[in-house]
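Residues per chain, in single letters:
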Amino acid sequence: MKLSEIAGIIKGSLTGEDVEITGVCGLDSQKPGTIAYAQDRKTLEKLELSDAAALILPTGLSCNTKPFINSDDHKMAFSKVLDLFNPYKPYKREIYPAVYIEKGAKIGSNVTVLPFTTIMDNALIGDNTVIYSQVYIGKNVRIGKNCLIKAGVKIDDETVMGDNVIIHHNAVIGGDGFGYMQKDGKNIKIPQIGRIIIGNDVEIGACMTIDRATVGETVIGDGVKIDNLVQVAHNVKIGEGTVIASQSGISGSSTIGAHCMIAGQVGIADHVGIGNSVIVLAQSGIGSGKAIENNRVIFGSPARDAIEEKRILASISRLPDLIKSINQIKKRLKID
Amino acid sequence: MKLSEIAGIIKGSLTGEDVEITGVCGLDSQKPGTIAYAQDRKTLEKLELSDAAALILPTGLSCNTKPFINSDDHKMAFSKVLDLFNPYKPYKREIYPAVYIEKGAKIGSNVTVLPFTTIMDNALIGDNTVIYSQVYIGKNVRIGKNCLIKAGVKIDDETVMGDNVIIHHNAVIGGDGFGYMQKDGKNIKIPQIGRIIIGNDVEIGACMTIDRATVGETVIGDGVKIDNLVQVAHNVKIGEGTVIASQSGISGSSTIGAHCMIAGQVGIADHVGIGNSVIVLAQSGIGSGKAIENNRVIFGSPARDAIEEKRILASISRLPDLIKSINQIKKRLKID
Amino acid sequence: MKLSEIAGIIKGSLTGEDVEITGVCGLDSQKPGTIAYAQDRKTLEKLELSDAAALILPTGLSCNTKPFINSDDHKMAFSKVLDLFNPYKPYKREIYPAVYIEKGAKIGSNVTVLPFTTIMDNALIGDNTVIYSQVYIGKNVRIGKNCLIKAGVKIDDETVMGDNVIIHHNAVIGGDGFGYMQKDGKNIKIPQIGRIIIGNDVEIGACMTIDRATVGETVIGDGVKIDNLVQVAHNVKIGEGTVIASQSGISGSSTIGAHCMIAGQVGIADHVGIGNSVIVLAQSGIGSGKAIENNRVIFGSPARDAIEEKRILASISRLPDLIKSINQIKKRLKID
C-alpha cells in the first residue's frame, strides 16, 4: 500500500517520498518497509534511527530522515493503520460441522459457530456474532449482535449480554457465587439463583471469572473493559466505561462507579462502594464495607489517598535512620 | 406459591396476609411479588420500604409494612426458599450425543454427560453425577456419586475424588507440580508422578488450578470450599472444612489444617504449616517454612498476629508526623 | 524392579540388601516397598524411621536402617527414578476420532490428537507432538516437535513455538493485548495485530495467559518455565531460562532478562526493564518504567534491595515502641 493511500484513509498530510508500506512496526520490532508511530518527541528521536520506512506523527512534529504523515487525531490515525494491516481476519460466516445446538436455540443471521461448541435450549445468538470452538452457552442465555466469543469461553444459564461484546478465551461467565453458612461445623452451600447482566461494548479478558448473583444480578455496565485473570464476585455492579487491569479481584456485593481505572492485582473486599472516576493504583487493597468518593486517587493496602500513601512510603524508607536518631536522642537524654 | 406454603416448607410462623410469591429478591434487586430476607434490624428497616411483597425474619423481629415469616433457623430457612425458586434445574439424566467415552470407562447409573466431553480409559464415574460439555477426564480417574462437573473442567489421569463434589467451569485438576533442578545453567524438569485426592462435599472454583504431587499426594479434605482463580501447588494438604477465597495461592508442600478461613489474594509460600481454625486475612503473605498455631488470626505481609499488624498499620500512618517530631527534637537538642 | 537394577540405571553404588522396589515415596507419603530420596542429613534422619524400603542419598551419606544407593549426581538420580515409576504414560500415537482439522493444516509424523480438538487452516504441527482434547489451534500457528499440549489449551492465530514445549491445561496463548484509547469518554479498542513467539523447552502453566503484541512480538525465550495463573501482557520479552512462579503478572512492554527467578504473586508494571539473573521475591511490586540491574535481589512493594527491605520490615515491627519513645522524649523536653 502506498503511503499516500494511507494518508488519505487516515486524513493526514504526507511529507516526503510516497514509499510502499507492507506492515506496521514498533520500537522493539523494527522492519524495513513498515510504518511506525511516535506520539511524542522522545519516541520520534528513537524512531528516526530505526529501520521503519515511514512515521505517523502528531501535527507539529516532523522527521528529518523518513517520510511522515501528520495527523491532528494521531492516536486514532495509528489505530486505523493497525486495522489496515490486521492479519486477524474474521472467520467465514457459517455454522461449522460438529457443533451441538439444541432445537430451541435461536441463531441470528450471519452467525459463525466453530466446531465443538455447545448451545443449549432457548439460547439466543444475535446477528453477525462469531463463536469460536469449545464454547459452552447455557439455557436461556441471550447474546447480542456483533459479539466475538473466543475459544473455550463458558457462559452458564440465564446470562444476558448486549451487542459488540468481546470475550477472550477460557473466560467463565456464570460460576456460582461463593456463599456458605456454617452449621454444626459444616459449610452449607447457599443456593446462588441470580444471574449476570453484561452491557454493550464490553471486553472480558482470558481466564477471568464472573460469578452470578445470590439473588438479583451481577452487573457489568456498558463499555467496561476487564483484563485477564480478574475475579468478579456475586452481586458486584461495575459502572459504565470502567477499566480493570489483570489479576484484580472484586468481592461480593461491591459496587464500582462509572469511568474508574482499577490497576493490576488490586483487591476490593465485599460491600465496598466506589464512586465515579476513581483511580485505584496497582496492588492496592480496599477493606470490607469502605466507601470511596468520586474522583479520588487511592493507593496502598489498606488503600488511602495516593499522595498521602506515597508520602508514607517515602517515610518508611527512612525508618532505619529514624531508629538511629531516636537512639541517639535517648542516649543524650539518658532515657533507657 | 402462597406465602403460607413457604412458611410450611421452612417451618416458620406466618404473620399477615397470605400473598402470592413469585421469586426472591435482595436489597439491590427489589421486585413486586418477591420475598426477601433480613437477618438483622438494620436490613429490616431498609426492606420495610422496599418493593418486596414479604419478608423472612429471625424470630423476635417483626415488620410493620408487609407480611413476614419468622424462623428460629432463619439463615437455613432463607437458603431453602432460594432453592424453591432456583431456575438452575439439573439437566436430564442421559448421555448426550457427541461424547467420547473409551470402552474401559465405567459410567454409573443416571449419569449425565453433555456433548464434547472426553472420558479416557478406566475412568469411573459414580451414580447421578452430571458432567457438562468439553470436560476432560483422564485415565484411571475416580469420580464419586452426585458430583457436578461444569463445562471445560480438566481432570488429569489418576485423580480420585469423593461424592457430592462441585467443580466450576474451566478448573484444572492435575497439572504438573512446578519443579525443576538447575544443571549447567538449564532448568531440568523433575518428573511429577504423584496424584490428587479430593474428599467428599468439596467445591472448587472456576479457573482454579490444583497440581499433582511430585511423589505421594496433593490432598483436599472433606468439605473444603475453594473460590475462583486459586492456586494449589504440588503436595499441598488442606484439612477438612477449610475455606479459601479467590486468587489466593498455596505453594508446594504446605499444609493447612481443618476449618481455616483463608481470605482473598493471600500468598502462602512453600513448606508452611498452618494449624486448625486459623484465619488469614486478605492479601497476607506467609513466608517459606513458617508454622502458624491453631486458632490464630494473622494478617499482613509478612503475616503476624492480626491485632499487632493493625496496631503497626495505624502507626505507619503517623510516620510523616513522627519524622517532624524527631526533627523538632533534634533541632532542640542541637543534633545534626 | 530390583534395587540393584535401579542402581545400575542411575549409575549409583548400592549398599545393603537388594530388595524389590514397587514405587517412590516422600516423607508425607510413606509406603512399604518404595524408595525415597534424602538430599541432606536432616531429611535422612526422618526417612530412616519411615516405611520406605530403600533410599537414594548423596555420596558421603549412609543409612543405618535400610539399603541405600549413593550418587554423586543425586538430584538427577532421583529424577531418573521418578521417571522409572511414572504412571503418566504417553497416549498412543494416533489421530483420535472426532477431531476437526482443516485441510490446509500440516500434521507431522507420529502426532497424537485427542477428541474435540480443532486445528485451523495452515497450522503446522511438528513430529511426535501430543495434543489433548478440546485444544484450539488457530490459523498459521507453528508448533514444533515433541511438544505436549494438554486439554483445553487455546493457541490463537499466528503463534509460533519451538520444540519440546509443554503447555498445561486451559492456558491461553494469544488473547488480545489490553489497549484502549480514551475518546469522548469512551474506551476505544486499539487493534492488537502482533503475535507471540515461544522458544524451545518452554513450560507454560495451567490457566495462564499470554497476550499477543500490539505490533511486533511478545517473546518467551528458550527454557523459560512459567507456573499456573500467571499473566504475560502484550509486547513482554522474557529471556532464556527465566522461571516465574504462580500468580505473578507482567504488564505491557516490560522486559525480563535471562535466568531470572520471579517468585509468586509478583506484580511488574509496564515498561519495566529487568536485567539478567535477577531474583524478585514473593508479592513484590515493581513500578512502571523502573530498571533493575543484573544480579540484583529485590523485594517489597515498591520493590527495593532485598536486604534493605528486610531491614525496613524489621524496623516497622518496632514502630509502636518508637512512638512511645518519641512521646516520652517530647514529654521530657516539654514539646507538645
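Since this is a predicted model, take the numbers as computed values, not measurements. (Residues numbered from 1 in each chain as written. Chains lettered and ligands numbered in written order. Predicted model: local features only at pLDDT ≥ 70, side-chain atom pairs only at ≥ 80, totals over all residues.)

1. Structural notes on the sheet that holds strand 3 (residues 34-37) of chain B
All names here are of chain B. Reading across the sheet, the five strands line up as 1-5-4-3-2 and stay open at both edges, with mixed pairing between neighbours. This sheet does not close on itself; its edge strands, each paired only once, are strand 1 (13-15) and strand 2 (23-24). Across two bridges, strand 2 lies against strand 3 in parallel orientation. What sits directly across from glycine 23, in strand 3, is threonine 34. Running at roughly 150° to strand 4 (residues 54-58), helix 3 (residues 74-84) makes contact with strand 2, strand 3, strand 4 and strand 5 (68-71) of the sheet. (Pairing = 2+ DSSP bridges. Helix = DSSP H or I, 4+ residues; strand = E, 2+ residues; numbered from the N terminus. Contact = placed C-beta atoms within 7 Å. Axes fitted to C-alpha atoms, helices over the stretch in contact; angles between N-to-C directions.)

2. With respect to the sheet that holds strand 8 (residues 112-113) of chain A
All names here are of chain A. Spatially, 8-11-14-17-22-25-28-31-34-37-38 is the arrangement adopted by the 11 strands of the open sheet, whose pairing is mixed. One side of each edge strand has no neighbouring strand; the edge strands of this open sheet are strand 8 and strand 38 (304-305). The sheet contact formed by strand 11 (residues 130-131) and strand 14 (residues 148-149) spans two bridges and is parallel. Of the residues in strand 14, the one forming a bridge with isoleucine 131 is isoleucine 149.

3. Some words on the environment of threonine 129 of chain A
All names here are of chain A. Along the chain, the position of threonine 129 falls in the loop between strand 10 (124-125) and strand 11. Taking the number of C-beta atoms within 10 Å as the measure of exposure, threonine 129 has 22 and is therefore buried. Threonine 129 sits 17 residues away from asparagine 146 along the chain, and the two C-alpha atoms are 4.4 Å apart. Apart from residues no more than four positions distant in its own chain, threonine 129 is found in contact with Gly108, Val111, Ile143, Lys145, Asn146 and Cys147. (Buried ≥ 20, exposed ≤ 12 C-beta atoms within 10 Å, placed from the backbone.)

4. Let's talk about the relation of the copies chain C and chain B
Expressed as a screw operation, the relation of chain C to chain B combines 0.0 Å of axial shift with a rotation of 120°, fitting to an RMSD of 0.1 Å. Both copies are brought into coincidence by an operation consistent with a three-fold rotation axis. In this assembly, only 16% of the residues forming the interface of chain C have copies in chain B that are likewise at the interface, indicating a heterologous arrangement. (Least-squares fit on C-alpha atoms with pLDDT ≥ 70 in both.)

5. Here's the deal with the relation of the copies chain A and chain C
Aligned on chain C, chain A shows an RMSD of 0.1 Å; the corresponding rotation is 120° and the shift along the axis is 0.0 Å. Taken together, the interface assignments show that only 16% of the residues at the interface of chain A recur at the interface of chain C, consistent with different surfaces on the two copies.

6. Concerning the interface of chain A and chain C
When the parts come together, some accessible area is lost, and that loss is often what is quoted as the size of the interface. Across the boundary between the two partners, chain A contributes 56 residues, which contact 52 residues of chain C. Mapped by element, the contributors of at least two residues to the side of chain A that touches chain C are helix 3 (74-84), helix 4 (306-317) and helix 5 (319-332) of chain A. Its residues assigned to classes, the side of chain A that touches chain C comprises 28 nonpolar, 21 polar and seven charged. (Nonpolar A, V, L, I, M, F, W, Y, C, P; charged D, E, K, R; others polar.)

7. Some remarks on the pairing of strand 19 (residues 180-183) of chain C
Residue and element names in this part refer to chain C. As paired strands, strand 19 and strand 20 (residues 186-189) are joined by four bridges and run antiparallel to one another. Directly across from lysine 183, in strand 20, lies its bridge partner lysine 186. Between strand 19 and the antiparallel strand that follows it, strand 20, lie two residues; aspartate 184 among them carries a positive phi value of about 50°.

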